[in-house]
Structure formats: structure tokens, C-alpha cells
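Coordinate analysis (summary)
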Amino acid sequence: MIKILRYTEYLYLAVFVFSLHRVYTDWTSDRSSAYLFIFFAVVSLGMFFFRRNYRKRFQKRKNQQ
């Protein structure tokens, strides 16, 4: 279970990197699309840190038992 949670963390990081790439490429041609991908980047980075914190807390609780 812990390994699956770790992979989902990195999936959020991949979405973050992809979104930043799209922002960089779309900034001059389509600003509305770039703003949407900025939103995706912020949310995916937030989810990365949230899931990472949740996984560590879950692992700590499992080791205490």
C-alpha cells in the first residue's frame, strides 16, 4: 500500500512538470490555456505535498503499532 501512495506522489509531480511546460509553450499564443495550466500546476504541487505528508503520517502510525 505504501508503494502505491509513493507512486501517486510522483504522478502529481509529473503533472506539475507537464503543466509548467505547457505554460511555457502556450504563454505567447494562448494565455487562457496558460492560466488553466498554471492552475493545474499549483493544484498538483499542493497535492504532491499533501499526499507526501499523508503517506509519512500513515507510515509513522504503522511503525508505532
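Right above here is the structure, for reference.
Reference entry: report on the structure contained in this document. It should be emphasised that the depicted structure is a prediction, and the values quoted were computed from it without experimental measurement. (Residues numbered from 1 in each chain as written. Predicted model: local features only at pLDDT ≥ 70, side-chain atom pairs only at ≥ 80, totals over all residues. Heavy atoms only, no water.)

Some points on a positive patch on the surface
Judged by side-chain charge, Lys3, Arg6, Arg52 and Lys56 come together as a positively charged surface patch. Tracing the sequence through the fold places Lys3 in helix 1 (residues 2–26). (Patch = residues over 30% accessible without salt bridge, like charges linked within 9 Å, V, L, I, M, F, W, Y side chains within 5 Å. Areas by Shrake-Rupley, 256 points an atom, 1.4 Å probe, with all protein chains shown as cover. Salt bridge = Lys/Arg side-chain N within 4 Å of Asp/Glu carboxyl O. Lys, Arg positive; Asp, Glu negative; His and termini not counted. Charge placed at Lys NZ, Arg CZ, Asp CG, Glu CD. Helix = DSSP H or I, 4+ residues; strand = E, 2+ residues; numbered from the N terminus.)

Concerning the packing of aromatic side chains
If you walk through the whole model with that rule in mind, you get 5 aromatic pairs. An angle of 85 degrees between the planes, with centres 5.6 Å apart, marks the rings of Trp27 and Tyr35 as edge-to-face. Between the aromatic rings of Phe37 and Phe40, the centroid separation amounts to 5.7 Å while the plane-to-plane angle is 75 degrees, which identifies the pairing as edge-to-face. Taken together, the residues Phe37 and Phe40, both in helix 2 (residues 31–64) and 3 residues apart, mark about one turn of the helix. A relative accessible area of 35% places Phe40 in the partly exposed class. Taken together through their ring pairs, the aromatic side chains of Phe18, Phe37, Phe39 and Phe40 make up a single cluster. (Phe/Tyr/Trp six-rings, centres within 6.5 Å; stacked < 30°, edge-to-face > 60°. Buried < 20%, exposed > 50% of the residue type's maximum accessible area, 1.4 Å probe, protein only.)

Details of the pattern of salt bridges
The tally for this structure, following the rule as stated, stands at 2 salt bridges. For Arg55, the salt bridge is made with Glu9, and the minimal N-O distance between the two is 2.5 Å. Taken together, the residues Arg55 in helix 2 and Glu9 in helix 1 connect sequence positions 46 residues apart. Glu9 shares its class with Arg55; the two are buried.

Regarding the environment of Arg57
When you line up the elements, Arg57 lands in helix 2. Judged by relative accessible area, which is 45%, Arg57 ranks as partly exposed. Separated by 27 residues in the primary sequence, Arg57 and Asp30 have C-alpha atoms spaced 41 Å apart.

By themselves, these figures tell us nothing about what the structure is for.
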